[in-house]
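Structural characterization, general
Each chain, letter by letter, is given below.
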Amino acid sequence: MTKKVNSVILIVMIKTGLIVEGGGQKGAYSAGVLDAMLEEGISFDYNIGVSAGAANLTSFVAGQYRRNYRFYRYHSTDNNYMGLKCFLKNGSVFNLHYIYGTLSNEGGKDPVDYEYFKNNPTTFKIVTTDAQTGKPVYIDKNQMEHNKYNALMASSAVPVFCKPEEIDGKLYFDGGVSDSIPVQKALEDGCDKMVVILSRAKGYIKQPEKHHRIYKRILKKFPKIVKDIDVRHIMYMKELRLAEKLEQEGKVIIIRPSEKLDVNTFSDAGDSIDSLYKLGISDFYAQIARIKTFIPSVFKNKTLEPAHKMTV
């Protein structure tokens, strides 16, 4: 963008941002959107993700097309990935050390391309929640070491269903507990125009969490997390309304499911995952012309051969 002031042309740099919500297996939707973005050579100056959204962004920043899809569609069917067996063995429904350790480390079935990830100049932040204070903590990708993806484990550690993850002597829970849609953080970090990928269709209203007595008892060592859960529906709707307000002001484009599909946080139904992934691809291409007009600068790194866009 340029402005002419008293015959002097000023170049105004626009900082672009990408925000990806979490949602467990519902993250198959943003996996589809991000793969479509990789096909189109899109990259942003700044990326921030929560829980499954942070995991999806890791593959995106690492330039690994279809890697996220393989996790949702195939790896998640492994008994070591999630489920009752994992809970009985490790105390967590999601085996985060298997997902972001065994599978993702060098020598695993689907490792992160750490060299590409590390050398990618884009900013990438992962949202976690401090287990003692209940406040959001944002971990930069430069703090993530090769074969040590504890930040992703922390960001996905859903209270009650997972144990907190330890990083440098401190405990962390899922980032969605304290900052589900980190648009305000992106604004504070200087983003001018943003794309926000949500996991739920338009019109979604988050309800108060049920079973307060149960999670209060289970999380008795973490009273601030209990308080976060009690008011999470308020925080979530406030952040959603901010994103929608910024979209009306021309500062944000929201990409979210154009239809409601039957996939929940713990789903491993292959056909449903495929449908959600395809919907993400389709919804992205429905908005691509709008995105090109909104922030043309993000279309700059096309290296993949086109399409099979709707083939799974």
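Further up the page is the structure itself.
Calculation criteria
Residues numbered from 1 in each chain as written. Predicted model: local features only at pLDDT ≥ 70, side-chain atom pairs only at ≥ 80, totals over all residues. Heavy atoms only, no water. Helix = DSSP H or I, 4+ residues; strand = E, 2+ residues; numbered from the N terminus. Expected span 1.5 Å × (residues − 1). Buried < 20%, exposed > 50% of the residue type's maximum accessible area, 1.4 Å probe, protein only. Contact = heavy atoms within 4.5 Å. Pairing = 2+ DSSP bridges. Right-handed = clockwise from strand over helix to strand, strands pointing away. Salt bridge = Lys/Arg side-chain N within 4 Å of Asp/Glu carboxyl O. Polar contact = N/O pair within 3.5 Å; in protein donor to acceptor, adjacent residues only side chain to side chain.

**What about helix α11 (residues 232-248)?**
Across its 17 residues, α11 extends 24 Å between first and last C-alpha, which sits within 8% of the 24 Å expected from 1.5 Å per residue. Within the span of α11, buried status applies to His233, Met235, Tyr236, Met237, Glu239, Leu240, Ala243, Glu244 and Leu246. Next to the buried residues of α11 lie α8 (183-188), β9 (193-197), α10 (223-230) and β10 (252-255). Looking one or two residues past α11, Gly250 carries a phi angle of roughly 80°, positive in sign.

**Side note on the pairing of strand β4 (residues 46-50)**
For β4, the tally of buried residues reaches 5 of 5 residues, placing the bulk of the element in the interior. Sheet topology note: the strand β3 (residues 16-20)/β4 ladder contains 4 bridges and is parallel. Of the residues in β4, the one forming a bridge with Ile19 is Ile48. Tracing the backbone out of β3, into helix α1 (residues 28-39) and back to the parallel element β4 gives a crossover that is right-handed. Pairing of β4 with strand β5 (residues 123-130), which is carried by 5 bridges, proceeds in the parallel orientation. When the sheet's bridge partners are listed, Val50 is paired in β5 with Val127.

**Section: the pattern of salt bridges**
Per the counting criterion, the structure on display carries 14 salt bridges. Between Glu244 and Arg241 there is a salt bridge; the shortest N-O distance is 2.9 Å. With Glu244 and Arg241 both in helix α11 and 3 residues apart, this pair spans about one turn of that helix. Of the charged contacts in the structure, one is a salt bridge between Glu244 and Arg256, with a shortest N-O distance of 3.1 Å. Placement of Glu244 in helix α11 and of Arg256 in the loop between β10 and α12 (270-294) is noted, with a sequence separation of 12 residues between them. The residues Glu244 and Arg256 share a single accessibility class, namely buried. Through salt bridges with shared partners, one network takes in Arg67, Arg70 and Asp110.

**Considering the environment of Gly49**
Position of Gly49 relative to the elements: it lies in strand β4. Along the primary structure Gly49 and Val127 are separated by 78 residues, whereas in three dimensions their C-alpha atoms are 6.3 Å apart. Apart from residues no more than four positions distant in its own chain, Gly49 is found in contact with Val20, Ala54, Leu57, Phe124, Lys125, Ile126, Val127 and Ser155.

**A look at the side chain of Arg200**
With respect to the helices and strands, the residue Arg200 is situated in the loop between β9 and α9 (212-218). For Arg200, the side chain forms a polar contact with the side chain of Glu21, separated by 2.8 Å. At a separation of 3.4 Å, a polar atom in the side chain of Arg200 contacts the side chain of Tyr204. Look past the residues within four positions of Arg200 in its chain and what remains in contact with it is Glu21, Lys26, Tyr236, Arg256 and Pro257.

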